[in-house]
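Chain and residue survey
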Amino acid sequence: MHKESNHYDVIVIGVGGMGSAAVYQLARRGRRVLGLERYDIPHEIGSSHGHTRIIRLAYYEHPSYVHLLRRAYELWREIQQHVGEQLLHITGSIDAGPPGSWVFEGSWRSCREHDLPHQVLTGAEMRRRFPAYHLPHDTLAVLQPEGGFLLPERCIVQYVMAAQALGAEIHGREKALGWEPYRGGVKVTTEYDIYYADKLVVTAGAWASKMVDVLDGLATPERQVLAWLQPSRPELFTPDRFPVFNLLVEEGRYYGFPAFGIPGFKFGRYHHLEEVVDPDDYDPEPNAEDERILREFASRYFPDGAGPTMALKGCMFTNTPDKHFIIDLHPDYPNVVIASPCSGHGFKFASVIGEIVADLAERGQTRHDIDLFRLARFKTRPKAQQLKTHTQAPEAIRPFW
Ligand SMILES: Cc1cc2nc3c(=O)[nH]c(=O)nc-3n(C[C@H](O)[C@H](O)[C@H](O)COP(=O)(O)OP(=O)(O)OC[C@H]3O[C@@H](n4cnc5c(N)ncnc54)[C@H](O)[C@@H]3O)c2cc1C
C-alpha cells in the first residue's frame with residue numbers, strides 16, 4: 001500500500017467497539033488518523049462480538065450515565081442514518097430483581113431522577129405482559145420503553161467504513177508492539193512498521209493494560225460465556241414481544257435478548273465464573289460446565305426458551321475495581337488518551353465515547369461529564385479484583401443508592 005508518510009495527527013490502537021467510533025469521530029473532524037487492529041475487523045477474540053449488545057436509558061449502575069446515554073442514542077441514530085443500515089433495535093428494557101435490590105432500585109431511581117418514561121411491574125404482571133418471563137412472584141421490574149439492542153459487529157464495520165470514506169487509514173492484522181513519547185508526540189512500533197503521531201488513543205480492550213502500564217491492576221480481563229438456546233415457543237422470543245433484560249435472581253445477575261442473528265434466545269451471567277484471564281493465554285472455548293450453568297438459569301426463568309443449545313461463545317469483560325469506566329488522559333503523557341470502557345456494560349456508550357475520545361485527543365478536554373471515569377479516583381492501584389458474590393453490587397457501586 002502506498003503511504004503518504006508515516007506521520008499522523010492521531011493513532012488509535014485497537015479498532016473494536018470504542019476504537020472504530022473513535023477513528024470515525026476523528027476522521028470526521030478532518031484529522032489524519034491511523035487505526036491499528038491486531039486481529040480482523042471485526043473479530044471474535046475480544047469484547048465486541050456475539051450479534052447483540054443491550055442499550056438502555058434506565059441505568060442502575062449509576063444515574064449519571066443517563067446524560068451520556070442520551071447522546072449515545074443520538075449518535076447511534078445519526079450513524080445508522082448516515083450509512084443506511086439499522087444498527088439499533090428498540091424492544092424496551094427490563095431491570096428486575098427482588099424488592100430493595102440494587103438492580104431494581106438503581107434503575108427505578110435513574111428513571112425518577114431523569115424523568116424517563118417507565119413502568120414498575122411485579123413478577124405476575126411481567127408474566128401476563130411478556131409470557132416468556134417466569135420470574136419469582138416477589139420480583140419488581142422497571143420497564144423502560146427506549147431500551148433495546150445494538151448490532152456490535154455491524155456498528156464496528158459501519159464506523160470503520162464511514163471513517164475510511166473520510167480518509168482514515170485502518171490496518172487490520174497489525175499488532176502494535178508498543179509506543180513511546182517522541183519529540184512532543186508519540187512513536188508507535190508495530191509488527192511491520194514504525195508510525196508517528198501528535199496524539200495517541202489506546203482503545204485496546206482486554207489488552208489495554210499491556211499497552212498502558214498505569215492500567216496495570218485497574219483493567220482486568222475476565223472470561224465470559226454467552227448462550228443461545230432454541231425456544232420451544234419462538235413467538236414469545238421475538239424482538240416485538242421480548243424486551244432485553246437485566247435480572248438479579250438468587251443464582252446471580254443475568255442479561256438477555258430476544259432471538260436475533262442466531263436462532264436462539266440469547267443470555268449470559270455477569271462475571272460468569274469470575275475467571276480472571278490473560279487475554280493472550282486462556283481458553284475462551286465454552287465447556288460443559290459453562291453450558292450447564294446457563295441452561296439451568298433458562299430452564300428456571302425462561303422455560304419456553306430452554307430448548308436445544310444453538311450456540312455458545314466466549315468473550316471478555318475488562319473490569320475496573322469499581323466497575324465504572326476509565327476514560328482519561330495518561331497521567332504522565334497528556335497527549336495519550338486512554339479509554340477502557342467495559343466492565344461488562346460499555347458497548348452501548350461506544351458512539352459517545354468515540355466523541356469523548358476525539359475531544360480529549362484534540363483539546364485535552366470534553367464537554368461531557370467524565371468525572372466518574374477519571375484515573376485519579378484510584379488512589380492506590382489494587383493488584384487483583386474480585387466480586388464477593390454474583391448477586392451483590394460491587395462495593396464501590398453500592399453506596400450510590
Ligand atoms: C459477553 C459480553 C456481553 C456484553 N454485553 C453488553 C451489553 O449487553 N451492553 C453493553 O453496553 N456492553 C456489553 N458488554 C461490554 C461491551 O461489549 C464492551 O464494553 C465493549 O465491547 C468494549 O469495547 P472495546 O473497544 O473496549 O474492546 P474491543 O471491542 O475488544 O476492542 C479492543 C480492540 O483492541 C485490539 N487490540 C488490543 N491490543 C492491540 C494491539 N497491541 N495492537 C492492535 N490492536 C490491539 C483488540 O484486538 C480489539 O479489537 C458485554 C461484554 C461481553 C464480553
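One can find the structure itself at the top, above this paragraph.
Keep in mind the model is a prediction, meaning the values are calculated, not measured. (Residues numbered from 1 in each chain as written. Predicted model: local features only at pLDDT ≥ 70, side-chain atom pairs only at ≥ 80, totals over all residues. Heavy atoms only, no water.)

1. Describing the site of the ligand
Inspection of the region around the ligand gives 37 residues, with Glu-37, His-43, Ser-48, Ile-54 and Cys-315 positioned closest. Separating a nitrogen atom of the ligand from a backbone N or O atom of Leu-36 is a distance of 3.5 Å. Burial of the ligand by the protein chains amounts to 98% of its free accessible area of 1,000 Å². Among the secondary structure elements, those contributing two or more residues to the shell around the ligand are helix H1 (17-28), strand E3 (53-55), strand E13 (220-229), strand E15 (252-257) and strand E18 (309-319). For the shell around the ligand, the element with the most residues is E18, which contributes 3 residues. Residues that form the shell around the ligand fall into these classes: 18 nonpolar, 13 polar and 6 charged. (Near = heavy atom within 4 Å. Polar contact = N/O pair within 3.5 Å; in protein donor to acceptor, adjacent residues only side chain to side chain. Areas by Shrake-Rupley, 256 points an atom, 1.4 Å probe, with all protein chains shown as cover. Helix = DSSP H or I, 4+ residues; strand = E, 2+ residues; numbered from the N terminus. Nonpolar A, V, L, I, M, F, W, Y, C, P; charged D, E, K, R; others polar.)

2. Overview of the pairing of E15
By the criterion of burial, E15 is predominantly enclosed, with 6 of the 6 residues buried. Here strand E14 (residues 244-249) runs beside E15; their pairing, made up of 5 bridges, is antiparallel. Among the inter-strand pairings, Leu-247 is bridged to a residue of E15, identified as Tyr-254. Hairpin connection of E14 to E15: 2 residues between the antiparallel strands. Where E15 lies against strand E16 (residues 265-269), 4 bridges are found, and the strand directions are antiparallel. Within E16, the residue paired with Phe-257 across the bridge is Lys-266. (Buried < 20%, exposed > 50% of the residue type's maximum accessible area, 1.4 Å probe, protein only. Pairing = 2+ DSSP bridges.)

3. Observations concerning the packing of aromatic side chains
Applying the stated criterion across every chain, the model contains 38 aromatic pairs. When the centroid spacing of 6.3 Å and the interplanar angle of 50° are considered together, the rings of Tyr-270 and Phe-317 count as tilted. Of the two residues, Tyr-270 sits in the loop between E16 and strand E17 (275-276) while Phe-317 sits in strand E18, which places them 47 residues apart along the sequence. Per residue, the accessibility class of Tyr-270 equals that of Phe-317, and both read buried. (Phe/Tyr/Trp six-rings, centres within 6.5 Å; stacked < 30°, edge-to-face > 60°.)

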